[in-house]
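Working through the structure, step by step
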Amino acid sequence: MIQQAPPAAARQRAFELRHDIDEHNYRYYALDEPSIPDAEYDRLLNELRDIEQQHPSLIDSSSPTQRVGAAPLDAFNSVPHEKRMLSLDNAFSDDDLTAFDQRLKDRLKSDETIEYACEPKLDGIAISILYENGQFVRALTRGDGSTGEDISQNVRTIKSVPLKLRGENLPERLEVRGEIYMPSAGFAKLNQSAAAKGEKVFVNPRNAAAGSLRQLDSRITASRPLELCAYSVGIHQGLALPSKHTDILHLLNRWGFKINPNMAVAQSINDCIAYHQQLGEKRDELPYDIDGVVFKVNSIDLQETLGFVSRAPRWAIAYKFPAQEEMTQLQDVEFQVGRTGTLTPVARLKPVFVGGVTVSNVTLHNKDEIDRLGVQIGDTVIVRRAGDVIPQIVSVIKERRPDDTREIEFPATCPVCGSPAVRVPGEAAIRCEGGLICPAQRKEAIIHFASRKAMNIDGLGDKIVDQLVDKSLVKNVVDLFSLLQQDIAGLDRMGEKSAANLLNALEAAKQTTLPRFIYSLGIREVGEATARNLAAHFGSIQALSNADEDALLAVDDIGPIVARFIRDFFTEQNNLDIIASLQGLGITWPESEPQNAALENAAELPLAGQTCVLTGSLEAMTRDEAGERLRTLGAKVSGSVSKKTDFIVAGPGAGSKRTKAESLSIEILSEEQLLELLNQYST
Ligand code: I6G
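I will try to describe carefully the structure that is included in this document. This one's a predicted model, so the numbers in the text were calculated from it and none came from an experiment.

Focus: the environment of V649
Assignment of secondary structure puts V649 in strand β23 (residues 647-650). On the basis of relative accessible area, V649 is assigned to the buried category, the value being 0%. Sequence spacing of V649 and L618 is 31 residues, and the spatial spacing of their C-alpha atoms is 9.2 Å. Filtering out sequence-adjacent residues up to four positions away, V649 remains in contact with V613, L614, T615, L618, L669, S670 and L674.

Quick word on the nonpolar core
One finds I457, L480, L534, I541 and I566 to be the most contacted residues of the largest nonpolar core, which totals 54 residues. Sequence-distant contacts of L534, defined by excluding residues within four places in its chain, comprise I518, V526, G539, L544, L552, V555, I558 and I566. Listed in part, the 38 residues of the second largest apolar core include I125, L190, L213 and I259.

Remarks on empty space enclosed by the protein
If you walk through the whole model with that rule in mind, you get three cavities of 30 Å³ or more. What the largest cavity holds in volume is close to 180 Å³. Lining the largest cavity we find 16 residues, and of these D22, N25, P162, L163 and K164 sit closest to its centre. Reported here for the second largest cavity is a volume of approximately 60 Å³. Taken together, H81, E82, S128, I129, L130, R138, A139, L140, E175 and I235 make up the lining of the second largest cavity. Of all elements in the fold, only β4 (125-132) and β5 (135-141) reach the threshold of two or more residues within the lining of the second largest cavity. The class makeup of the residues in the lining of the second largest cavity is five nonpolar, two polar and three charged.

Observations regarding the pairing of strand β15 (residues 343-354)
Judged from the seven bridges that link them, strand β14 (residues 325-337) and β15 form a sheet pairing that is antiparallel. In the sheet register, V333 faces β15, and the bridge partner there is A347. By the bridge criterion, six bridges tie β15 to strand β16 (residues 357-363) in an arrangement that is antiparallel. Paired with V346 across the two strands is T363, which belongs to β16. Connecting β15 to the next strand, β16, in antiparallel fashion are two residues, including G355 with a positive phi near 60°.

Reading guide: rules and limits
- Residues numbered from 1 in each chain as written.
- Predicted model: local features only at pLDDT ≥ 70, side-chain atom pairs only at ≥ 80, totals over all residues.
- Heavy atoms only, no water.
- Helix = DSSP H or I, 4+ residues; strand = E, 2+ residues; numbered from the N terminus.
- Buried < 20%, exposed > 50% of the residue type's maximum accessible area, 1.4 Å probe, protein only.
- Contact = heavy atoms within 4.5 Å.
- Core = buried A, V, L, I, M, F, W, Y, C linked by side-chain atoms within 4.5 Å.
- 1 Å grid on protein atoms, 1.4 Å probe; cavity = no way out; pocket = protein on both sides within 12 Å on 5 of 7 lines; lining within 4 Å.
- Points joined across faces, edges and corners; volume = space filled by probe spheres on them.
- Nonpolar A, V, L, I, M, F, W, Y, C, P; charged D, E, K, R; others polar.
- Pairing = 2+ DSSP bridges.

If you want it as structure tokens, here you go:
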């Protein structure tokens, strides 16, 4: 069939579109300065696709339309690396790093300070991409360093990988090495959608990146949120490169590659130690996982003088952060009984140092989680602790399962009071039916009542409550207020002075607020925020206890399940007696008006209708204080991030809430921005 040559106008438009799309890609990935909305980008790509479909002779392999579409492979080919892909030596302490610097000085027979390039070590997959005359040729995995697998089809689908280098003065041949990784927000989104479809979730972003690159069908890789960060050059022919490593990286950036924005130059090894310390503090805020910092001698001449030892360059070192995942053995499972009777399986682990602390217990949450993990007693498990997030078991290494593992059986009776333990229909939890005859539930109810955000009884900690209940000095929260000095002074770790302090704290706690009092009652699913809404809506405990389910459903954030829990609580005579006794003992709070009257002008407040979440730590004020100030401006402060969240405030240490906000494209304010917002409206 004779093909007609495409008209000049189509050729010209295809050229313009490719140029514009490449330009937007460069701005987005290499410069981190997006220039157009995603929808506009897609429109340009579709227009180009249409033109190429009408005039196939216009298609060329570096067109942005040609990232996806190759036929699935049967296997990956093994290809030798023209230049070995090395690994890095590791340092685990400041002393290791100083010793590394001294080794280099000894070898160079010089005392001059050495300049280093500092780069975060992304937790991803190392790859090497070959370009000839600026065109993408192939991409290989590291493999064993000498031979890798050809994953070109998959790597081509990653938008931050240029198919054609920018600029004029390009090397004839150039191998760019870097890390392919999955940003935390993309990882969270991918796992959320896998979980929603009942599919297997990935254990961490690194596994997700590795699994995505290993696909024989590149359309699957294309659907995964992968990115490339370039960190060095392998072979290069036909163009002299700059004489400093950091200048080479800047050149790669101009050619179209993303390089790490946190890269820095350190003038001495002490500056490297400071960089490692600072990056460690920022680790949990970065939008991707890192496992350390790579320090490289910045001068290429010095790198060449220093050379290599076995498989690693002498001139580079990876200073690792404490691992966030470690392997250990699950030795036993015990069951803890919570305030509402839920039996929580707690895994006893062979102690393991992970994320900077020694972990010997982790919660397994419930039966569904045990089934999801497929974990048994005796298994080798991977424990993860990232930032200040509680440690958790993320997977089981089934290949290491010994013959004598045991299934985790939930007890049929409560391990504390012996009452039946039953699975509530429709819930993952198994509950002790003992209610307040169960000492465990009694203790937890008292601990909750006394906690800082409830009645704030200073000095009434877990250990004291344990003894008070075990010695039958206290059966319920009312009994706390009849304790005598000698009852308390006789307890372990207590003396006359601390007993007097506790009695004073009990007296002081009698002056409280309605939201605190409601929260302290420990009604199922009534957290601090719900207690505040209930107090604002009903204005008195009397009105709340009389409210029927319809009235409760009219309160912000209360759905049928919580409404039922609240109703059940107030229909229980024992609970009403406790409330009456507490009021009889002098527990009071300032009278408040119900919401409708009190908040008549609420809609006019500057942040009315805005829902926000506070996460991480703040410096200028506590999170509670920040919450209070946001609420006075009309904002609703919620404990969890959802599609309804308008913005979050993320301080250092913000973890999963920040990640979720990123995945939902919710605005994230720093503490500084929060202060600006508060100041803007303060009178
Ligand atoms: O595995 C690596 C991660 C990061 C590296 C590396 C790197 O630089 C930021 N650099 C080299 C030279 C090597 N591996 C061998």
